[in-house]
Amino acid sequence: MAVLNVTPDSFSDGGLYVEPATAERRIEELLNQGADIIDVGGESTRPRALPVPATEQLRRILPAVRHAAGLGAVVSVDTASAEVARAVMGEGAQLINDVSCLEEPTLAAVVAAHQGWLVLMHSRGSLAQRQMAGFSAYPEDAYDDIVARVTFEWSQAREQAQAVGLSASQLFFDPGLGFAKSARHSWEILTRLREFQTLGVPIVTGPSRKSFIAALDASAPAERLGGTIACSILSAQRGASVVRVHDVQPVAQAFAAMRQADPNFGGVGV
C-alpha cells in the first residue's frame, strides 16, 4: 500500500503532491515501482494538525482518486469521514483506511453499501485529541498487556462496524503503530504481531518513517528508510498481509530479495 498524501502538512511528505498533475505523476511512479494499492490522504493526522472539512478533503483527493482508478489501480482513501468515503467510493475507491478506529460508525455503513473494504486501525480518543499529542508520546503504563488490550478495543470497533452491515470479510486490522502508543509499545506490537492473527482478518501495518523508529537514533522522517524496510520485513514475517509505505521501490526490492533467498517469505503486498 503506497502512501500518497495530497496535503500541505503531513509529517513526512506534506506539500510534495498537492498539485493534481504532480500527484498523478506520483501515482504512475508508485504503480511502476510495484505498489499494489494507492492510499490517498487529504487530511494529515500528525500531531497538532488541524481537522480538514470533508469538502476540502474531497477537493484535494478527488483528482488523484479518479486518476488512479482510471489506471486500474486498487484505490484506498485515508479518511475517517463517512461523507468523504461515500464520494470517493462513487469515484472508484475500493478501500477506506480509517485511522480513527471508527469514530464515525456510519463510515462502516457507507463501505458496506459500496461492497468495499475497511482498514480499521486501532487508536484511542478522538481525532482532535490525537492531533494534540506528540509523536510516540504516550504514557508507558497505558496498557497492561498491549496485545490483549488492542485486540479488545479493536474488536469493539469491529462489532460496531458489523452492526451497521459490514461483514468480517470486508475488514482489515491495523494495530496503529505510533497512534496512542509510545515507541516501546509500537516495538512490542511488531515483536508480537503474530498474536493478532486470532482476529481472523488480514493484518495491515504502517511502519513507514514513523517516530518509533527515531527512538533508535533520533533520525528525521526522511532518514528512516532503513528502519522502515526492517519493520516491513518483520511485518511480513510475522503475519501482515499489507504494509503501508512511502518508499515503494526499496521496500519492494527488499521483499524481492527476501523471496529470492526464502521462497516461503510472506505473501505481503506493498
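Chemist: Tell me about the nonpolar core, and please be specific about residues and values.
Modeler: Core analysis: the largest hydrophobic core is formed by 70 residues, its most contacted members being Leu4, Ile38, Ile61, Val88, Ile96, Leu118 and Phe196. Considering every element that reaches this core, the biggest residue donor is helix α2 (residues 54-70), with seven residues. Setting aside residues up to four positions removed in sequence, isoleucine 38 forms contacts with Ala2, Leu4, Ile27, Leu30, Leu31, Ala73, Val74, Val75 and Ser76. Within the second largest apolar cluster, seven residues are counted, among which are Met1, Val119, Phe172 and Val242.

Chemist: Please provide a residue-by-residue account of the packing of aromatic side chains, values included.
Modeler: Summed over the entire model, instances satisfying the criterion amount to five aromatic pairs. Measuring from centroid to centroid gives 6.1 Å for tyrosine 138 and tyrosine 143, while their planes differ by 40 degrees, and the two rings are tilted. Ring geometry for tryptophan 187 against phenylalanine 212: centres 5.0 Å apart, planes inclined by 80 degrees, an arrangement best described as edge-to-face. With a gap of 25 residues between them, tryptophan 187 in helix α7 (residues 183-191) and phenylalanine 212 in helix α8 (residues 211-214) connect regions that are remote in the sequence.

Chemist: Provide a residue-level description of unusual backbone geometry, including the pertinent values.
Modeler: Its identity as a non-glycine residue notwithstanding, leucine 102 has a phi of 65 degrees, on the positive side. Summarising the element assignment, leucine 102 is placed in the loop between β4 (95-98) and α4 (106-113). Despite not being glycine, glutamine 115 has its phi angle at roughly 55 degrees, a positive value. Topologically, glutamine 115 is positioned in the loop between α4 and β5 (117-121). The exposed category is assigned to glutamine 115, whose relative accessible area is 68%.

Chemist: Tell me what's going on with the environment of aspartate 262, and back it up with residues and numbers.
Modeler: Within the element layout of this structure, aspartate 262 appears in the segment after α10 (248-261). Put simply, aspartate 262 and glycine 227 are 35 residues apart on the chain and 21 Å apart in space, counted from C-alpha to C-alpha.

Conventions used here
Residues numbered from 1 in each chain as written. Predicted model: local features only at pLDDT ≥ 70, side-chain atom pairs only at ≥ 80, totals over all residues. Heavy atoms only, no water. Core = buried A, V, L, I, M, F, W, Y, C linked by side-chain atoms within 4.5 Å. Buried < 20%, exposed > 50% of the residue type's maximum accessible area, 1.4 Å probe, protein only. Helix = DSSP H or I, 4+ residues; strand = E, 2+ residues; numbered from the N terminus. Contact = heavy atoms within 4.5 Å. Phe/Tyr/Trp six-rings, centres within 6.5 Å; stacked < 30°, edge-to-face > 60°.

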